[in-house]
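Chain residues, written in single-letter form:
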Amino acid sequence: MHRNPFSDAELAGRVARLREALAALALDAALISTPENIFYLTGLDHWGYFAPHILIVPADGELVLVTRAMERVSIETYVRNARFEGHADTETAADLAVRILRGRFAARARLGLEHWSGGLSLGLGQALSAGLADVDWHDMTGLVDAMRLVKSPAEQALMRQAAGVTDAAVAAAMAAIGAGADEREVAAECHAAMIRAGGDTPGFGPFIRPGARLGEEHATWGDGRYPAGEPVFLELSGCVARYHAPIGRLVHVGGIEADDAAMAETAKAGFDAVLAALRPGRTAGAVYRAWQDVVDAAGLSHYRRHHCGYAVGIGVPPSWTGGNRVTGLRAGSDMEIKTGMSFHVLSWLMGTGRGDYFVSNPVLLTENGAEILTETDLGPTVT
């Protein structure tokens, strides 16, 4: 049974910070449609986010959550800080939201809307705009997402729990992988361990596939068996109350080539460089530079990646990345690193021409520095 994981005080603090931002922008209300942001502000964890949800956060007064009428029991059970308003399936969330907003705000109100949101379809946006033609709309994409980057103590505790689930799941998968192992059986063992360790349904995966299918970025197991002499790709995350702690490894079946073993050492050195560079006040671009310096020093100056990690925490299916945008540790990024931020740090060296390896872990920046939340060995792992 899913329960709201947050205290009243935790939720009230988040709403207060959002209202401070609304005041700075002179907005009368915000319409939140990104599932991860609705969860952050209300604690609603359910599988109903496939249908539009609109959380109306006024500058003051009662919050209102609009979605399908059939979700009444779930929302009234788990959401304590917003009034539920449900629409019949013969109309849309926009129809009901327009009626509510017309009754509460002046025609020329200034309203914030997340223009880039996995929960806001073109049709929904057009219906809101047409129904509130005189409203002054303001794009507030990323406002709540930025608030979510620094994790509170309660959030950090949930991420640590998720990391324990991650370790259990990856251990079960590794134990099941071997020459001739059935891909589905490996996936089944991984899932079973994840659930038994206290995990919820993760936003992604797990991704488990043979090396021959490595390039299929977001694909997972098939109908085959794992052959000797080929690595198996593992990337998965435990999930507790929507918080994720992703990990990634290559598992070598039957042995590892010398150049891959050598590349493993470079990948681990790159990972360590990212940990050392994750310090408050630095930029994400400087963190990436630390990783790239290790790669360059290894004679791989031709090799570049789009990032060496990305922000992670809340994730709603179909992703653990926190929404439809990825906040990466990218070259040139001026995002400031702050204590309390958490990342899926990746040291990926695949297709270098001189061996292949990658390692990734969930990392939390604490007062004592960057901490790896999982305990799984960095490898190489040979089964």
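Because the structure is predicted, anything quoted here is derived from the model rather than measured.

Cut-offs applied
- Residues numbered from 1 in each chain as written.
- Predicted model: local features only at pLDDT ≥ 70, side-chain atom pairs only at ≥ 80, totals over all residues.
- Heavy atoms only, no water.
- Phe/Tyr/Trp six-rings, centres within 6.5 Å; stacked < 30°, edge-to-face > 60°.
- Lys NZ or Arg CZ within 6 Å of the ring centre and 35° of its normal.
- Helix = DSSP H or I, 4+ residues; strand = E, 2+ residues; numbered from the N terminus.
- Buried < 20%, exposed > 50% of the residue type's maximum accessible area, 1.4 Å probe, protein only.
- Polar contact = N/O pair within 3.5 Å; in protein donor to acceptor, adjacent residues only side chain to side chain.
- Salt bridge = Lys/Arg side-chain N within 4 Å of Asp/Glu carboxyl O.
- Contact = heavy atoms within 4.5 Å.
- Expected span 1.5 Å × (residues − 1).
- Arc of directions from axis to C-beta.
- Core = buried A, V, L, I, M, F, W, Y, C linked by side-chain atoms within 4.5 Å.
- Pairing = 2+ DSSP bridges.
- Right-handed = clockwise from strand over helix to strand, strands pointing away.
- Axes fitted to C-alpha atoms, helices over the stretch in contact; angles between N-to-C directions.
- Parallel < 35°, antiparallel > 145°, perpendicular 65-115°, else oblique.
- Left-handed = near helix turned anticlockwise from the far one by under 90°.

Comments concerning the packing of aromatic side chains
Working step 1: This model, assessed by the stated rule, comprises ten aromatic pairs.
Working step 2: For the cation-ring pair, Arg14 lies above Phe6, with the distance from its terminal atom to the ring centre recorded as 4.0 Å.
Working step 3: The positively charged end of Arg209 is found above the aromatic ring belonging to Phe233, 4.3 Å away from the centroid.

Looking at the side chain of Ser347
Working step 1: Its place among the elements puts Ser347 in strand β11 (residues 342-349).
Working step 2: Judged by its relative accessible area of 1%, Ser347 is buried.
Working step 3: A polar contact is formed between the side chain of Ser347 and the side chain of Trp291, at a distance of 2.8 Å.

Re helix α2 (residues 35-42)
Working step 1: Counting buried positions over the eight residues of α2 gives eight, a clear majority of the element.
Working step 2: Within α2 the residues assigned to the buried category are Pro35, Glu36, Asn37, Ile38, Phe39, Tyr40, Leu41 and Thr42.
Working step 3: Gly43, located one to two residues past α2, shows a positive phi value of around 85 degrees.

Looking at the pattern of salt bridges
Working step 1: Under the definition given, this model contains 18 salt bridges.
Working step 2: The residue Arg83 makes a salt bridge to Glu85 at a minimum N-O spacing of 2.9 Å.
Working step 3: The partly exposed category is assigned to Glu85, whose relative accessible area is 24%.
Working step 4: A single salt-bridge network, built from bridges that share partners, covers Arg289, Asp293, Asp296 and Arg304.

Quick word on the environment of Ser347
Working step 1: Residues Ser347 and Ala264, 83 residues apart in the sequence, show an inter-C-alpha distance of 9.6 Å.
Working step 2: Ser347 has contacts with Ala267, Gly270, Phe271, Trp291, Tyr357, Phe358 and Val359, leaving out every residue within four places of it along the chain.
Working step 3: Within the structure, the side chain of Ser347 is placed 2.6 Å from the backbone oxygen of Ala267, a separation counted as a polar contact.

Looking at helix α1 (residues 8-24)
Working step 1: Taking 1.5 Å per residue as the helical rise, α1 with its 17 residues ought to reach 24 Å, and the 24 Å between its terminal C-alpha atoms agrees with that figure.
Working step 2: Turning to α1, its buried residues are Glu10, Leu11, Arg14, Val15, Leu18, Ala21 and Leu22. Buried residues of α1 fall within an arc of 130 degrees about the axis and therefore sit on the same side. Pointing more than 90 degrees away from the buried face of α1 are the exposed residues Asp8, Ala9, Glu20, Ala23 and Ala24.
Working step 3: With its phi angle positive at about 55 degrees, Ala26 sits one or two positions after the end of α1.

Observations regarding the nonpolar core
Working step 1: Membership of the largest hydrophobic core comes to 97 residues, with the highest contact counts inside it found for Ile32, Leu55, Ile337 and Phe343.
Working step 2: Sequence-distant contacts of Phe343, that is, excluding residues within four places in its chain, are made with Leu278, Tyr310, Ala311, Val312, Leu329, Met335, Ile337, Asn361, Pro362 and Val363.
Working step 3: Listed in part, the 22 residues of the second largest apolar core include Ala93, Ala94, Leu96 and Leu111.

With respect to the pairing of strand β5 (residues 110-113)
Within a regular strand, side chains alternate between the sheet's two faces.
Working step 1: For strand β1 (residues 29-32) and β5, the ladder comprises three bridges, and the chain directions are parallel. Along β5, the bridge assignment pairs Leu31 with Leu113.
Working step 2: The pairing of β5 with strand β6 (residues 136-139) spans four bridges and is classified as parallel. Considered in β6, the bridge of Arg110 is made with Asp136.
Working step 3: Of the crossover connections in this fold, the one passing from β5 over helix α5 (residues 122-131) to the parallel β6 is right-handed.

Overview of the packing of helix α9 (residues 258-277) against helix α10 (residues 284-297)
How two helices pack is summed up by the angle between their axes together with the distance between the axes.
Working step 1: The geometry of α9 relative to α10 is characterised by a closest axis approach of 8 Å and an angle of 155 degrees between their N-to-C directions. Considering their axes alone, α9 and α10 lie roughly antiparallel with respect to each other. Considering only the axes of α9 and α10, their crossing is right-handed. Contacts from Thr266, Ala269, Gly270, Phe271, Ala273, Val274 and Ala277 of α9 reach α10 at Val287, Ala290, Trp291 and Val294.

Digging into the side chain of His87
Working step 1: Structurally, the position occupied by His87 is in strand β4 (residues 82-87).
Working step 2: Within polar-contact distance, the side chain of His87 engages the backbone nitrogen of Ala93 at 3.5 Å.

Overview of the sheet that holds strand β2 (residues 54-58)
Working step 1: Pairing in this open sheet of six strands is mixed, and the strands run β4-β3-β2-β1-β5-β6 from one edge to the other. Lying at the two open borders of the sheet, with one neighbouring strand each, are β4 and β6. For this sheet, the mean angle separating the axes of adjacent strands, direction not counted, is 25 degrees.
Working step 2: The pairing of strand β3 (residues 63-68) with β4 spans six bridges and is classified as parallel. Of the residues in β4, the one forming a bridge with Leu65 is Phe84.

Digging into the pairing of strand β13 (residues 369-372)
Working step 1: As paired elements, strand β12 (residues 357-366) and β13 share four bridges and run antiparallel to each other. Looking at β13, one finds that Thr366 is bridged to Gly369.
Working step 2: Counting the residues that bridge the hairpin from β12 to β13 gives two residues.

A few points about the environment of Pro58
Working step 1: For Pro58, the position within the fold is in strand β2.
Working step 2: With 108 residues separating them along the chain, Pro58 and Thr166 place their C-alpha atoms 38 Å apart.
Working step 3: Sequence-distant contacts of Pro58, that is, excluding residues within four places in its chain, are made with Arg19, Asp28, Ala29, Leu63, Arg104 and Phe105.

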